[in-house]
Amino acid sequence: MTSKNPIGKHRSIASSITTIVAAIALAITFVAAGFAACCLPQTTQALAGAFSGMDNPGTAFTHDQLVRAAVATRDFTVDSHDQAALADVLKAINQEADTPLANKEKRMSGLEENYTLDESSISHLDDVYLVVEQARPWLVGTCVLAVALTLALLLSGKRCNAGEALLMGGTTVLIVFLMLGIVAAVNFDGFFAVFHSLFFADGTWTFSYESLLITMYPTAFWMGMGAVWLAVTGLLSILAIVVGSILRRQV
């Protein structure tokens with residue numbers, strides 16, 4: 001009569017749990033990596049260089065001035081949060097363009113948002129900064145956990161479990177992002193609205209097309225951001241699937 005080995009059973013359960021947790025952590029890491037790529041100053045520089053001002057040809061600013069403002073706004077929103085530095089850039093482009101904001105003798109007629117980031121714009125950017133700052137430590141911690149658990153499985157000889165975690169994490173993210181990509185391609189404005197509603201109160205993130213914020217960051221800019229996010233996360237997910245498949249075959 002063969003008796004069961006409770007130690008081996010417990011180890012098997014522990015390995016299964018570790019595999020599932022690692023897969024979840026890896027999936028979150030792939031998504032976070034795409035978001036991090038979107039936050040890079042080089043990404044904003046490139047996309048602003050391609051799209052800033054395209055939806056508002058009547059803007060008072062040159063394309064170069066809009067790109068400079070877009071990069072400074074990105075730095076304020078996801079990095080330094082230095083409002084004085086942002087204000088200096090906005091003041092400089094207004095002086096260069098000789099806008100009504102640069103000349104106090106000219107009447108603004110309530111059009112401040114066309115030439116600068118007004119109170120409502122700054123408030124929204126503050127909200128974005130808060131969301132990013134709150135999410136950052138959790139995303140970094142999850143990334144560390146994903147790497148630690150995957151390495152632990154590999155170093156303990158459980159290559160099949162490590163491969164399974166990579167496969168599950170990569171496949172799940174790839175399927176979800178492909179679905180989201182299709183939705184965004186069909187109705188980007190609707191997708192953009194739903195995405196924002198998850199993090200921000202209604203009415204705090206909508207601005208006129210003539211506003212400086214939308215002039216710097218038109219719809220095409222955000223579509224580009226979505227493409228960068230999808231590309232980075234998708235490539236990492238595909239790589240995980242390939243590596244995971246190799247590890248499983250080596251058992």
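Report on the accompanying structure.

The rules we used
- Residues numbered from 1 in each chain as written.
- Predicted model: local features only at pLDDT ≥ 70, side-chain atom pairs only at ≥ 80, totals over all residues.
- Heavy atoms only, no water.
- Helix = DSSP H or I, 4+ residues; strand = E, 2+ residues; numbered from the N terminus.
- Expected span 1.5 Å × (residues − 1).
- Buried < 20%, exposed > 50% of the residue type's maximum accessible area, 1.4 Å probe, protein only.
- Core = buried A, V, L, I, M, F, W, Y, C linked by side-chain atoms within 4.5 Å.
- Contact = heavy atoms within 4.5 Å.
- Phe/Tyr/Trp six-rings, centres within 6.5 Å; stacked < 30°, edge-to-face > 60°.

Looking at the environment of Q95
Working step 1: Mapping Q95 onto the fold places it in helix α4 (residues 83–97).
Working step 2: Along the chain, Q95 and H63 lie 32 residues apart, while their C-alpha atoms are 15 Å from each other.

Topic: helix α3 (residues 63–78)
Working step 1: Taking 1.5 Å per residue as the helical rise, α3 with its 16 residues ought to reach 22 Å, and the 23 Å between its terminal C-alpha atoms agrees with that figure.
Working step 2: Among the residues of α3, Q65, L66, V67, A69, A70, A72, T73, R74, F76, T77 and V78 are the ones counted as buried.

Looking at the nonpolar core
Working step 1: Counting 25 residues, the largest nonpolar core has L86, L90, L117, L212, L213 and M216 as its most contacted members.
Working step 2: For this core, the secondary structure elements donating two or more residues are α2 (41–51), α3, α4, α6 (119–155), α9 (212–216) and α10 (219–249).
Working step 3: Take this core: its biggest share by element is 6 residues, from α3.
Working step 4: If we skip the residues at most four places from it in the chain, L212 touches F61, L66, L90, E113, N114, Y115, T116 and L117.
Working step 5: If you look at the next biggest cluster of nonpolar residues, it comprises 16 residues, including A22, A23, A27 and A165.

Structural notes on the packing of aromatic side chains
Working step 1: Evaluated as defined, the whole model comprises 10 aromatic pairs.
Working step 2: Pairing F188 with F192 gives two aromatic rings, centres 5.8 Å apart and planes at 25°, and the pair type is stacked. Highlighted residues: F188 and F192, both in helix α8 (residues 188–197), separated by 4 residues, approximately one helical turn.
Working step 3: Residue F192 is classed as partly exposed on the basis of its relative accessible area of 21%.

Note that all results are geometric; they support no functional claim without further evidence.
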